[in-house]
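Structural features, examined
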Amino acid sequence: MSDAVGYGKILLVDDDENIARLVKSSLESALFSVTVVSSAALVVGHDVGSYRIVLADATGQAYNGIDLVRDIKANPLTAHVPVILSGHDNSADSIINALDNGADDYVAKPFSMRELLARIYAVCRRHPAGVVPYGKGVDQGERRIAPLIGPAIFRRCGGRCPP
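Residues numbered from 1 in each chain as written. Predicted model: local features only at pLDDT ≥ 70, side-chain atom pairs only at ≥ 80, totals over all residues. Heavy atoms only, no water.

1. Overview of the pairing of strand S4 (residues 83-87)
With 5 of 5 residues buried, S4 is to be regarded as a mostly interior element. Because side chains alternate across S4, one face comprises the buried residues Val 83, Leu 85 and Gly 87, and the other comprises Ile 84 and Ser 86, equally buried. Direction of pairing for strand S3 (residues 53-57) relative to S4: parallel, over a ladder of 4 bridges. Following the sheet pairing, Leu 55 is matched in S4 by Ile 84. Crossover S3 to S4 through helix H2 (residues 65-74) is right-handed. Pairing between S4 and strand S5 (residues 105-108): 4 bridges, direction parallel. Across the sheet, residue Ser 86 finds its bridge partner in S5, namely Val 107. Following the chain from S4 across helix H3 (residues 92-100) to the adjacent parallel S5, one finds a crossover that is right-handed. (Buried < 20%, exposed > 50% of the residue type's maximum accessible area, 1.4 Å probe, protein only. Helix = DSSP H or I, 4+ residues; strand = E, 2+ residues; numbered from the N terminus. Pairing = 2+ DSSP bridges. Right-handed = clockwise from strand over helix to strand, strands pointing away.)

And the structure:
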């Protein structure tokens, strides 16, 4: 799918090839462009700031989704990118840990694609495409268009994902 079509790019980070294939297919059907990476450590080579959302597995290898979300939120060039973490552990402690480390949402595996899409759309509504705060502690009324998000998508969607 072309980056100029749809609701933006999603970076999907999951080491389970079957889950990644299913999620990618479903998200592309919902008009997102999806890039799949098999490990959080491999995200380093990607321009994370150009993605609409990062959807990552919270658990796994030595450098996992929790580490990834911490790094994304600590970098001023990527802090605006929403991150949804997923994982097999749906305990309150795991969910709270993900949210406390900067995740915008957490979805427990196994999840339905309808639930995942609803959570993605909700995060999109809270983080309009292309509009990001200048930085931490800055007046929330002061906003700018992020140059890497895709102004055409921002205009076409009115800054919102579909309902």
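2. Thoughts on the side chain of Asp 67
Looking at where Asp 67 falls in the secondary structure, it is placed in helix H2. With relative accessibility at 19%, the residue Asp 67 sits in the buried group. Separated by 3.1 Å, the side chains of Asp 67 and Arg 70 make a polar contact. (Polar contact = N/O pair within 3.5 Å; in protein donor to acceptor, adjacent residues only side chain to side chain.)

3. Some remarks on the side chain of Asp 105
The residue Asp 105 is located in strand S5 in this model. Owing to a relative accessible area of 13%, Asp 105 belongs among the buried residues under this scheme. At 2.9 Å, the side chain of Asp 105 and the side chain of Arg 119 are in polar contact. When neighbours within four sequence positions are excluded, Asp 105 is seen to be in contact with Val 83, Ile 84, Leu 85, Leu 99, Arg 119, Val 123 and Arg 126. (Contact = heavy atoms within 4.5 Å.)

4. Description of helix H4 (residues 113-126)
With 14 residues, H4 ought to run about 20 Å at 1.5 Å a step, and its terminal C-alpha atoms sit 20 Å apart, in line with that. Among the residues making up H4, those that are buried are Met 113, Leu 116, Leu 117, Ile 120, Tyr 121, Ala 122, Val 123 and Cys 124. Structurally, H4 contributes buried residues whose contacts are with strand S1 (9-13), helix H1 (17-29), S3, S4 and S5. (Expected span 1.5 Å × (residues − 1).)

5. A word on the packing of aromatic side chains
Overall, the coordinates contain 2 aromatic pairs when judged by the stated rule. Ring plane angle 25 degrees and centroid distance 6.2 Å describe the contact between Phe 32 and Tyr 121, whose orientation is recorded as stacked. With a gap of 89 residues between them, Phe 32 in the loop between H1 and strand S2 (33-37) and Tyr 121 in helix H4 connect regions that are remote in the sequence. Take Phe 32 and Tyr 121: they sit in the same class, and that class is buried. Among the aromatic residues, those joined into a cluster by ring pairs are Tyr 7, Phe 32 and Tyr 121. Positioned above the aromatic ring of Tyr 51, the side-chain terminus of Lys 9 is 4.7 Å from the ring centre. (Phe/Tyr/Trp six-rings, centres within 6.5 Å; stacked < 30°, edge-to-face > 60°. Lys NZ or Arg CZ within 6 Å of the ring centre and 35° of its normal.)

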